[in-house]
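Fold and contact review
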Amino acid sequence: MKKTIAVLPGDGIGPEITAQAVKVLDAVGAKYSHTFEYRYADIGAAAIDKCGDPYPDTTHGICMSSDSVLFGAIGDPKYDNDPTAKVRPEQGLLKMRKSLGLYANIRPVKPYPSLLSASPLKDTIVDGADFIVVRELTGGMYFGEPRGRNEAGDKAFDTCVYSKMEIRRVAEVAFAFAARRRGRVTLVDKANVLATSRLWRETVKELHDEKYSDMCLDFLFVDNAAMKMVSNPRDFDVILTENMFGDILSDLAGVINGSIGLLPSASTGERSSLYEPIHGSYPQAAGKNIANPVATILSAAMMLEDAFGAAEEGAAVRQACEKAIAEGVCTQDIVPGSRYGTSEVGDYIAGLIG
Ligand code: IPM
Ligand code: MN
């Protein structure tokens, strides 16, 4: 097959980790006779520096006309420490998610047997955990209006808004995953306090009774879900939740895997699909060849499987990552003092595929 991939390296470690995923995709292309054409585009602080816009129209055009998008990371400390900045790198990511219609973000969590001890949690707790977080990605507090400050500037507000349509379409995605897994969806919300959460419960229950009554649906308040995730992660199959709760819970889920540097994600929706690691731009590590590229390489595996229907190729990438991890060919976050850097891990995984 021949596919075009928009590559958006972004900020911090983004360029280094996406370069490893491209290496691995090239190895897949050579082995299975596929042609991947990469179209590079700017996003985030890197784009602000060049043209003042964190998600320029040219980048949007490239994403829209490609078969899929591979994204690195976004964020730069010079903006984090400046609350008055008018344009922020993160706005680029949000604008991209919204304008590509990426309403469902899928974050799988499953610890590697050889890495159980890398988690700060006990082996007996993390062993056997296997769940996915389906995070709503284009609604809620991230986008709700009104937002901002009052005239005096001494009050600020954000708004959480959800429509039934927005809830229903992402719930469909969660039930579809559950049908292929253990048939269980847990809706995480704060229905004891928030009106939006009560609409989530009502809508997801309606959809369940209408179309998915053969599946098990249960509900958890987000505070309780956070506790259960680190005390009883085996209890979860598919977690369905709104944007902000999903953001927080999926970082927490990184603790189960031992390193947030191992967790990939896929975003799908109306128009495109996008694949990205769940971690951020890790600016302290930028340019040092120490960041873990595995989350981005596994995101490329999800692209092969979900966007291109290349199951065998995706499985080959996963197996190569597992082998590298089992053999200790890992970056410092997993093997302290490791002699393997970002690029060496990328070379090794690409080599295993070839
Ligand atoms: C993520 C990130 C983003 C988010 C930031 C960078 C805006 O934390 O993808 O989880 O909050 O969605
Ligand atoms: Mn996050």
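As the structure is a computational prediction, the values presented were derived from the model and not from experiment. (Residues numbered from 1 in each chain as written. Chains lettered and ligands numbered in written order. Predicted model: local features only at pLDDT ≥ 70, side-chain atom pairs only at ≥ 80, totals over all residues. Heavy atoms only, no water.)

1. What about the overall build of the protein?
We apply this condition: Comment: elements are numbered from the N terminus, with helices defined as DSSP H or I runs of at least four residues and strands as E runs of at least two. Here the globule rule reads 2.2 Å times residues to the power 0.38, and the radius of gyration is calculated from C-alpha atoms. Only protein chains enter the accessibility calculation, which uses a 1.4 Å probe. A residue is then buried if its area is under 20% of the maximum for its type, exposed if over 50%, and partly exposed in between. Note on areas: these come from Shrake-Rupley sampling with a 1.4 Å probe, and a residue is covered only by the protein chains present in the view. Within this scheme the basic residues Lys and Arg register as positive and the acidic residues Asp and Glu register as negative, but His and the chain ends are omitted. Positions of charges follow a simple convention, taking NZ of Lys, CZ of Arg, CG of Asp or CD of Glu.
Secondary structure assignment for the protein yields 13 helices and twelve strands. For the protein, the C-alpha radius of gyration of 20 Å lies close to 20 Å, the compact-globule estimate for 354 residues. In terms of overall dimensions, the protein has C-alpha extents of about 50 × 50 × 40 Å along its principal axes. Counting every position in the protein, which comprises 354 residues, the buried fraction comes to 53%. If you sum the accessible surface of the protein, you get close to 14,900 Å²; carbon and sulfur atoms cover 54% of it. Of the side-chain charges in the protein, 38 are positive and 47 negative, and the distance between the mean point of each set is 2 Å.

2. Quick look at the site of ligand 1
What counts here: We call a residue near a given molecule or strand whenever any one of its heavy atoms falls within 4 Å of it. By the criterion applied in these results, polar contacts are pairs of N or O atoms within 3.5 Å in which, for protein atoms, one can donate a hydrogen and the other can accept it, and in which residues neighboring in sequence qualify only through two side-chain atoms. All amino acids are sorted into three groups, where Ala, Val, Leu, Ile, Met, Phe, Trp, Tyr, Cys and Pro are nonpolar, Asp, Glu, Lys and Arg are charged, and the leftover types, Gly among them, are polar.
What surrounds ligand 1 is the set Glu 90, Leu 93, Arg 97, Arg 107, Arg 135, Tyr 142 and Asp 247. At 2.6 Å from an oxygen atom of ligand 1 is found a side-chain nitrogen or oxygen belonging to Tyr 142. In the environment of ligand 1, an oxygen atom lies 2.9 Å from a nitrogen or oxygen atom belonging to the side chain of Asp 247. Burial of ligand 1 by the surrounding chains reaches 78%, relative to a free accessible area of 320 Å². Residue contributions to the shell around ligand 1 peak at three residues, all from helix α5 (residues 89–99). Partitioned by chemical class, the residues of the shell around ligand 1 number two nonpolar, no polar and five charged.

3. Things to note about the domain arrangement of the protein
We count it as follows: Start and end positions for the domains come from either an automated domain assignment or a database one.
The domain boundaries assigned to the protein delineate domain 1 (1–101 + 279–354) and domain 2 (120–257). Using C-alpha coordinates to define each centre, domain 1 is positioned 25 Å away from domain 2.

4. Some words on the packing of aromatic side chains
Short version of the rule: Only rings of Phe, Tyr and Trp enter the pairing, Trp through its six-membered ring, and a pair is recorded when the two centres are within 6.5 Å. The plane angle decides the type: under 30 degrees is stacked, over 60 is edge-to-face, the rest tilted. In our convention, an over-ring charge means Lys NZ or Arg CZ found within 6 Å of a ring centre and within 35 degrees of that ring's normal.
Counting across every chain of the model gives four aromatic pairs. For the ring pair Phe 36 and Phe 308, a centre distance of 6.1 Å and an interplane angle of 20° mean the geometry is stacked. Of this pair, Phe 36 sits in strand β2 (residues 35–40) while Phe 308 sits in the loop between α11 (294–307) and α12 (311–326), and the two are 272 residues apart along the sequence. You'll find Phe 36 and Phe 308 in the same group, each marked buried. Their ring planes at 80° and their centres at 5.1 Å tell us that Tyr 162 and Trp 200 sit as a pair that is edge-to-face. Of the two residues, Tyr 162 sits in the loop between β7 (156–157) and α7 (164–180) while Trp 200 sits in helix α8 (residues 195–211), which places them 38 residues apart along the sequence. In this arrangement the basic side chain of Lys 98 is found over the ring face of Phe 143, its NZ or CZ atom lying 4.7 Å from the centre.

5. Topic: the side chain of Arg 135
The condition is simple: It only takes one pair of heavy atoms within 4.5 Å for two residues to be counted as in contact.
Here Arg 135 shows up in strand β5 (residues 131–136). Once residues within four sequence positions are removed from consideration, Arg 135 is found in contact with Arg 97, Tyr 103, Ala 104, Asn 105, Arg 107, Tyr 142, Thr 241, Glu 242, Asn 243, Gly 246 and Asp 247.

6. Notes on the packing of α12 against helix α13 (residues 342–353)
To keep it simple, the criterion reads: For helices, the fitted line uses only the C-alpha atoms of the stretch in contact; every axis is such a line through C-alpha atoms, and the angle between N-to-C directions lies from 0 to 180 degrees. To sort the angles, those under 35 degrees are grouped as roughly parallel, those over 145 as roughly antiparallel, those from 65 to 115 as roughly perpendicular, and the leftovers as oblique. Here a crossing is called left-handed whenever its near helix is offset anticlockwise from the far helix by less than a right angle, and right-handed whenever the offset is clockwise.
Where α12 contacts α13, the axes come no closer than 9 Å and their chain directions differ by 130°. Relative to α13, α12 is oriented oblique. The handedness of the crossing between α12 and α13 comes out as right-handed. Residues Ala 316, Val 317, Ala 320, Cys 321, Lys 323 and Ala 324 of α12 touch α13, and the partners they reach there are Tyr 348, Ile 349, Leu 352 and Ile 353. Among the residues making up the contact of α12 with α13, the classes are represented as nine nonpolar, no polar and one charged.

7. A few points about the pattern of salt bridges
Two side chains carrying opposite charge are able to pair once their charged atoms lie near each other. This is how it is decided: Salt bridges are identified by distance alone: a Lys or Arg side-chain nitrogen within 4 Å of an Asp or Glu carboxyl oxygen.
A complete count under the given rule lists 24 salt bridges for this structure. Between Glu 270 and Arg 169 there is a salt bridge whose closest N-O contact spans 2.7 Å. Within this pair, whereas Glu 270 is found in the loop between β11 (264–268) and β12 (273–277), its partner Arg 169 is found in helix α7, the two being separated by 101 residues in sequence. Here Glu 270 falls in the partly exposed class, since its relative accessible area comes to 45%. A single network of salt bridges, built from pairs that share partners, joins Asp 130, Arg 181, Arg 182 and Asp 237.

8. Let's talk about the sheet that holds strand β8 (residues 184–189)
To be explicit about the condition: For two strands to count as paired, DSSP must find a minimum of two bridges between them.
The strand order across the open sheet formed by ten strands is β2-β1-β3-β12-β11-β4-β5-β10-β8-β9, and the pairing between neighbours is mixed. Of all strands in the sheet, those bounded by a partner on one side alone are β2 and β9 (216–221). On average, each strand axis in the sheet is tilted by 25° relative to the strand beside it, whichever way the strands run. Both β5 and strand β10 (residues 238–241) contribute to a ladder of four bridges, which runs parallel.

9. Section: the pairing of β8
In plain terms, the rule: Seen with its strands pointing away from the viewer, a crossover is right-handed when the path leading from the first strand over the helix to the second is clockwise.
Within β8, five of the six residues are buried, leaving the element largely enclosed by the surrounding structure. Two elements, β8 and β9, share six bridges in a ladder whose sense is parallel. Among the inter-strand pairings, Leu 187 is bridged to a residue of β9, identified as Phe 219. Crossover β8 to β9 through α8 is right-handed. Strand direction decides the pairing type here: β8 and β10, joined by four bridges, are parallel. Its bridge partner lying in β10, Thr 186 is registered against Ile 239.

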